[in-house]
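Descriptive analysis of the structure
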Amino acid sequence: MEEGQNRIHWVNWNLILNSHAQGGLGVGSLDAFNLALLYKWKWHFLNEPGALWVKIIKFCNVDGGGFLDGQRLGYGGGVWNKIVSSINQLHERGIIPSNSLHRVVGDRVHTRFWKDVWCSDSPLMLRFGRIFALATNQDARVSEFWSSVGWTFHWRRGIRGGVESTQFDYLVELLSPIRLGVLSDKWIWDLDPSVKVWRWVGHWLDLDIPDFSSISVMLEWMDARPIARMERVIVEAVFMVVIWVLWTYRNALLFSSSKPRKDRLFDSIVEISFRWFTSRNSKAMISWAMWMQNPILM
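Residues numbered from 1 in each chain as written. Predicted model: local features only at pLDDT ≥ 70, side-chain atom pairs only at ≥ 80, totals over all residues. Heavy atoms only, no water.

A few points about the overall build of the chain
What counts, and what does not: Helix and strand assignments follow DSSP, with helices taken as H or I runs no shorter than four residues and strands as E runs no shorter than two, numbered in order from the N terminus. Any residue under 20% of the maximum accessible area for its type is buried, any over 50% is exposed, and the rest in between are partly exposed; the area is computed with a 1.4 Å probe on protein chains only. We call two residues in contact when some of their heavy atoms are within 4.5 Å. Accessible areas in this description were obtained via Shrake-Rupley with a 1.4 Å probe; residue shielding takes into account the shown protein chains only.
Counting its regular elements, the chain contains 12 helices and 4 strands. A total of 298 residues make up the chain; the buried ones form 35% of that total. The long-range fraction of contacts in the chain, counting pairs at least 24 apart against all pairs at least 6 apart in sequence, stands at 57%. As displayed, the chain has an accessible area near 18900 Å², and 55% of this comes from carbon and sulfur atoms.

Next comes the structure, spelled out in structure tokens:
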């Protein structure tokens, strides 16, 4: 090769894929990225039941698109069949747990009471087979069972004793703590700790915090609450810190070389919100002990 002519620099491909912290170029695995994009199809399918493309897939295949328990698509070579097959292989190989997506309680307009997994680890039709056979509408949505007086049921005939009575009592007990909300049903990543974090914050502040679909919805919820000015300032401070802590956690999960601690999220929210609030409201008479107990009771 002549002097001054450029040469090809051979580099180990695994080194290119490694992160910058590990001495690589941070390109990342294209195969893993492709699998992640495939799995996003499942998330879109479950969260967009009213979309035209979802309705077409349900019409051409099965109502659950091949994702629900016990559903199997045909052996054709269609694009959707290949997407579902690839996603199921991720579950079978243990790369992504099959329960990584789960429903969050909403109005249940699109959730089938008997045939979908929504309040148990399996469809109610499998746990309560005897009374499922008595249901007048086995494809009814959860919202059809809910009224202003609570849960209501419609049977082809009355519930008899023995197994039928026992299953009905267990079903009522299972449903007793569940209340339907005003927001639509949605599927979330179980790997995402945001739902649990908001629930912890709700217990801490003694607030019934709904599942916010966006920051604008959160602000509308706060505007609709008849609360004192100082209480609103505290709630806003805490909520902003929650959003910031969750954002930094997700970034660390994706880009940091060390895995962030999920068990520290709530403690960080309490500590950072206290420092943030007191630094901006020096005249507020609130101690660290009062803040840990419940700041809006000050």
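Quick notes on the nonpolar core
Which entries qualify depends on this criterion: What makes a nonpolar core is a set of buried Ala, Val, Leu, Ile, Met, Phe, Trp, Tyr and Cys residues whose side-chain atoms join them at distances within 4.5 Å.
Ranked by size, the top nonpolar core spans 29 residues in total, and within it Val-201, Val-238, Phe-239 and Trp-291 carry the most contacts. For this core, the secondary structure elements donating two or more residues are helix H8 (194-205), helix H9 (215-223), helix H10 (229-255) and helix H11 (265-280). Ranked by residue count, the leading element in this core is H10, at 9 residues. When residues no more than four places from it in sequence are discounted, the contact partners of Trp-291 are Trp-204, Ile-234, Val-238, Val-270, Ser-273, Phe-274, Phe-277 and Ile-286. Counting 20 residues, the second largest nonpolar core, distinct from the first, contains Phe-132, Leu-134, Leu-171 and Leu-175.

Some points on a positive patch on the surface
We count it as follows: Residues enter patches when their relative accessible area tops 30% and they take part in no salt bridge; the joining distance is 9 Å for like charges and 5 Å for the nonpolar side chains Val, Leu, Ile, Met, Phe, Trp and Tyr. Think of a salt bridge as a Lys or Arg side-chain nitrogen and an Asp or Glu carboxyl oxygen that are within 4 Å of each other. Neither His nor the chain ends is counted toward charge; the positive residues are Lys and Arg and the negative residues Asp and Glu. The location of each charge is read from NZ of Lys, CZ of Arg, CG of Asp or CD of Glu.
On the surface, Lys-196, Arg-199, Lys-259 and Lys-262 cluster together to form a positively charged patch. Along the chain, the position of Lys-262 falls in the loop between H10 and H11. Residue classification places Lys-262 among the partly exposed residues on the basis of a relative accessible area of 39%.

Quick look at the pattern of salt bridges
Between side chains of opposite charge, a pair can form when the charged atoms approach closely. Counted under the stated rule, the structure contains 7 salt bridges. Between Arg-157 and Glu-164 there is a salt bridge; the shortest N-O distance is 2.8 Å. In this structure, Arg-232 and Glu-236 form a salt bridge, with 2.9 Å as the shortest nitrogen-oxygen distance. Taken together, the residues Arg-232 and Glu-236, both in helix H10 and 4 residues apart, mark about one turn of the helix.

Focus: the environment of Ala-252
Along the chain, Ala-252 falls in helix H10. Classification of Ala-252 by relative accessible area gives partly exposed; the value is 22%. The contact partners of Ala-252, leaving out residues within four places of it in the chain, are Ser-258 and Pro-260.

With respect to the confidence of the model for the chain
Operational definition: In predicted models, pLDDT denotes the confidence assigned by the predictor to each residue on a 0 to 100 scale.
Here the chain averages 79 in pLDDT, while 74% of its residues score no lower than 70. Per-element mean pLDDT across the chain ranges from 63 in helix H1 (residues 13-17) up to 93 in helix H6 (residues 129-132).

Focus: H8
The test is simple: What a helix should span is 1.5 Å times the count of its residues minus one.
An ideal rise of 1.5 Å per residue puts 16 Å on 12 residues; H8 measures up with 16 Å between its terminal C-alpha atoms. All of the buried residues in H8 are Ser-194, Val-195, Val-197, Trp-198, Val-201, Gly-202, Trp-204 and Leu-205.

Things to note about the packing of aromatic side chains
The cut-off we apply is this: Ring geometry is summarised as follows: Phe, Tyr and Trp rings, the Trp one being its six-membered ring, pair when their centres sit within 6.5 Å, and such pairs are stacked at plane angles under 30 degrees, edge-to-face over 60 and tilted between the two. By definition, being over a ring means that NZ of Lys or CZ of Arg is both within 6 Å of the ring centre and within 35 degrees of the ring normal.
What the rule picks out here adds up to 24 aromatic pairs. Considering the side-chain rings of Phe-113 and Trp-114, the 4.9 Å spacing of their centres and the 80° angle between planes classify their relative orientation as edge-to-face. A relative accessible area of 0% places Trp-114 in the buried class. In this structure an aromatic cluster arises from ring pairing among Phe-113, Trp-114, Phe-132, Phe-145, Trp-146, Trp-151, Phe-153, Trp-155 and Phe-168. Here the basic side chain of Lys-40 rests over the ring of Trp-43, its NZ or CZ set 5.2 Å away from the ring centre.

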